[in-house]
Amino acid sequence: MTYHSTLQSAQALVGLMERVRKEHQLLPYTPSPKQDVVSIKDTLLIDTSSDTPPYLNRIYDRQAFLTRLKTFSVLYIQSHRPVSAMTCAKHGWHSTRTVDTDSGIMCLLACSDCTGTMAVVDLSLHNPKDPRVQTIKAKYEAGLYTLHTQECFWRLSRCDDSINRFPISSFKQARVYLQHQSKRLCESQHPLPALVHPLTRDRVEALQEVCRHESPSSSMDSYLLPLFGWCLEEVVSAGVSSHSIICNDCFHRHFLDAMEGELSFDLVQSHRTHCPWIHGQEALIQWHATESNSLYSLYNTKTPLSGYQWMILFITKEHRLLLQSLVSDRTIIEYARQQKALLHKRLEGEAKEILRSARSVETDTC
């Protein structure tokens, strides 16, 4: 069976399932969190031909998902809502505005594909274990689908759970990312508060050596920030330019001017809770068999790796390669030194032989 015939059969099966669920007014099928969807997602993203169903592209459209997620304010994310910002973005909802009510600040959501709207209440003042709160949550979870119009794509679909996975998938990408972001941070020359991180002394020394090798003029902080997912961004408001550091996966932003009065900045805790840089369940990092098992064993845990933990493994590997390279360079230099000494000794011997022969000729002539 060819790829295209298999894909057509799968499309027909998915269509049949959707029709049956719609006829019987059932909610769409959603995969179990334990299901391994990462390899499926990777395969589908690789195939960008016209044969790929449009709905699959939308389910795995990370940029569109992040665009929706970015609309949710800190007010929404940090308060107790019946549905999280990430869940809403996965279901096609984006935030439009907030409204003050007697029961708190209500956030209004909308769908760009239909006329559907949703008003999300704040449950921060209520006990999460209250049965009434659980009932409200259940209604909102159902509303993620039902509040879309009948014709809307999102009424029967949602983004795959892997949509929020860690964005860097190879050590090569990690190297390019670190070099680019550290260069930008170095060029800004903006003072930073003390950076708080979970690195051990050995890891710090390894990072310092890698930093000195890659860019002798770079500061340690310019590598630490991107290592934990923080990038430099210029913001222009009312003609005035200012710089901030931002995570492009959870959109938590910190303006550098405002940070001047702060004593420290926690590189891990400053991310939002759903961020794949700190959340292993969201990162969905696959550890391939081709990678060194000894690197993975640096974390004596069965929990999934978060993004920053994976980046630390990258630095560890880079440091090992650097040490191997230095040892190799020393070996080459030592070999060259030995060869030079041997050549010098040989030339010295030949010169003495020539002088001895010359003297012998002079003696015979006399």
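Because the structure is a prediction, the values reported are computed rather than measured.

S.K.: What am I meant to see in the sheet that holds strand β5 (residues 231–237) here?
M.R.: Strand pairing in a sheet relies on backbone hydrogen bonds. The paired strands run either parallel or antiparallel. Pairing within the open sheet is antiparallel, and its three strands lie in the order β5-β6-β7. Of all strands in the sheet, those bounded by a partner on one side alone are β5 and β7 (253–255). When the angles between neighbouring strand axes are averaged without regard to direction, this sheet yields 40 degrees. In this structure, strand β6 (residues 240–246) lies alongside β7, joined through three bridges in antiparallel fashion. Across the sheet, Ser244 pairs through a bridge with Phe255, a residue of β7.

S.K.: So what exactly am I meant to see when it comes to the pairing of strand β2 (residues 104–111) here?
M.R.: Pairing of strand β1 (residues 93–101) with β2, which is carried by eight bridges, proceeds in the antiparallel orientation. Bridge pairing in β2 links Asp100 to Ile105. Turn length for the β1-β2 hairpin, with the two strands adjacent in sequence and antiparallel, is two residues. Judged from the four bridges that link them, β2 and strand β3 (residues 117–120) form a sheet pairing that is antiparallel. Bridging across to β3, Leu108 finds its partner in Ala119. The turn linking β2 back onto β3 is made up of five residues.

S.K.: Looking at this structure, I do not really get the confidence of the model for the protein. What am I missing?
M.R.: In low-pLDDT regions, the fine details of the predicted coordinates are not to be read closely. Here the protein averages 78 in pLDDT, while 74% of its residues score no lower than 70. The low-confidence segment residues 29–50, where pLDDT is below 50, has 27 contacts with residues more than four positions distant or belonging to other chains. This stretch, residues 289–300, has a pLDDT under 50; its non-local contacts, to residues over four places away or in other chains, come to 23 contacts.

S.K.: Would you mind showing me how to read the pattern of salt bridges here?
M.R.: If the charged atoms of two oppositely charged side chains come close together, the side chains can form a pair. Going through the model one piece at a time under the given rule, you end up with seven salt bridges. With its nearest N and O atoms 2.6 Å apart, the salt bridge here joins Asp113 to Arg58. Taken together, the residues span a long stretch of sequence, with Asp113 in the loop between β2 and β3 and Arg58 in helix α3 (residues 54–59) at a distance of 55 residues. Accessibility expressed as a relative area gives 41% for Asp113, which makes it partly exposed. Accessibility expressed as a relative area gives 30% for Arg58, which makes it partly exposed. A salt bridge links Lys90 to Asp161; the nearest nitrogen and oxygen atoms lie 3.5 Å apart.

S.K.: Help me understand the side chain of Ser162 in this model?
M.R.: Position of Ser162 among the secondary structure elements: in the loop between α7 (131–146) and α8 (171–188). Here the side chain of Ser162 touches Asp160 through a polar contact of 2.6 Å, side chain to side chain.

S.K.: Teacher, can you tell me more about α7 here?
M.R.: Helical periodicity: at 3.6 residues per turn, an α-helix aligns residues three or four positions apart in one direction. Over its 16 residues, α7 runs 22 Å from end to end, which matches the ideal 22 Å to within 8%, given 1.5 Å per residue. Taken together, the buried positions of α7 are Val133, Lys137, Tyr140, Gly143, Leu144 and Tyr145. Tucked inside the fold, the buried residues of α7 contact α6 (85–90), β1 and β3. The N-capping residue of α7, defined by a side-chain oxygen 2.9 Å from the backbone nitrogen of Arg132, is Asp130.

S.K.: Could you clarify how one ought to interpret the environment of Gln309 in this entry?
M.R.: With respect to the helices and strands, the residue Gln309 is situated in helix α14 (residues 307–365). Under the relative-accessibility criterion, Gln309 is labelled buried at 17%. Along the chain, Gln309 and Phe228 lie 81 residues apart, while their C-alpha atoms are 8.6 Å from each other.

S.K.: Can you help me understand the sheet that holds β3 in this one?
M.R.: If you walk across this open sheet you meet the three strands as β1-β2-β3, and the pairing is antiparallel. One side of each edge strand has no neighbouring strand; the edge strands of this open sheet are β1 and β3. For this sheet, the mean angle separating the axes of adjacent strands, direction not counted, is 25 degrees. α7 rests against β1 and β3 of the sheet, and its axis sits at about 160 degrees to β3.

S.K.: Sorry if this is basic, but what is going on with the packing of aromatic side chains here?
M.R.: A ring pair, where both rings are aromatic, is described by two values, the distance of the centres and the angle of the planes. Applying the stated criterion across every chain, the model contains nine aromatic pairs. Where Phe171 meets Trp310, the ring centres are 5.1 Å apart and the plane angle is 45 degrees; that geometry is what we call tilted. Of this pair, Phe171 sits in helix α8 while Trp310 sits in helix α14, and the two are 139 residues apart along the sequence. Between the NZ or CZ atom of Arg58 and the centre of the ring of Phe153, over which it lies, the distance is 4.6 Å. Cation over ring: Arg81 sits above Tyr76, and NZ or CZ is 5.1 Å from the ring centre.

S.K.: What's the story with the nonpolar core in this structure? I'm lost.
M.R.: In summary, soluble globular proteins display a tendency toward joint burial of nonpolar side chains. Phe228, Trp277 and Met311 are the most contacted members of the largest nonpolar core, which totals 38 residues. Counting residues per element, this core draws most heavily on α14, at six residues. For Met311, the contacting residues outside a window of four places in its chain are Phe166, Ile168, Ala174, Tyr177, Leu178, Leu227 and Trp277. Residues Trp93, Cys111, Leu144 and Cys159 belong to the second largest nonpolar core, which totals 27 residues.

Cut-offs applied
- Residues numbered from 1 in each chain as written.
- Predicted model: local features only at pLDDT ≥ 70, side-chain atom pairs only at ≥ 80, totals over all residues.
- Heavy atoms only, no water.
- Pairing = 2+ DSSP bridges.
- Helix = DSSP H or I, 4+ residues; strand = E, 2+ residues; numbered from the N terminus.
- Axes fitted to C-alpha atoms, helices over the stretch in contact; angles between N-to-C directions.
- pLDDT = per-residue confidence, 0-100.
- Contact = heavy atoms within 4.5 Å.
- Salt bridge = Lys/Arg side-chain N within 4 Å of Asp/Glu carboxyl O.
- Buried < 20%, exposed > 50% of the residue type's maximum accessible area, 1.4 Å probe, protein only.
- Polar contact = N/O pair within 3.5 Å; in protein donor to acceptor, adjacent residues only side chain to side chain.
- Expected span 1.5 Å × (residues − 1).
- Phe/Tyr/Trp six-rings, centres within 6.5 Å; stacked < 30°, edge-to-face > 60°.
- Lys NZ or Arg CZ within 6 Å of the ring centre and 35° of its normal.
- Core = buried A, V, L, I, M, F, W, Y, C linked by side-chain atoms within 4.5 Å.

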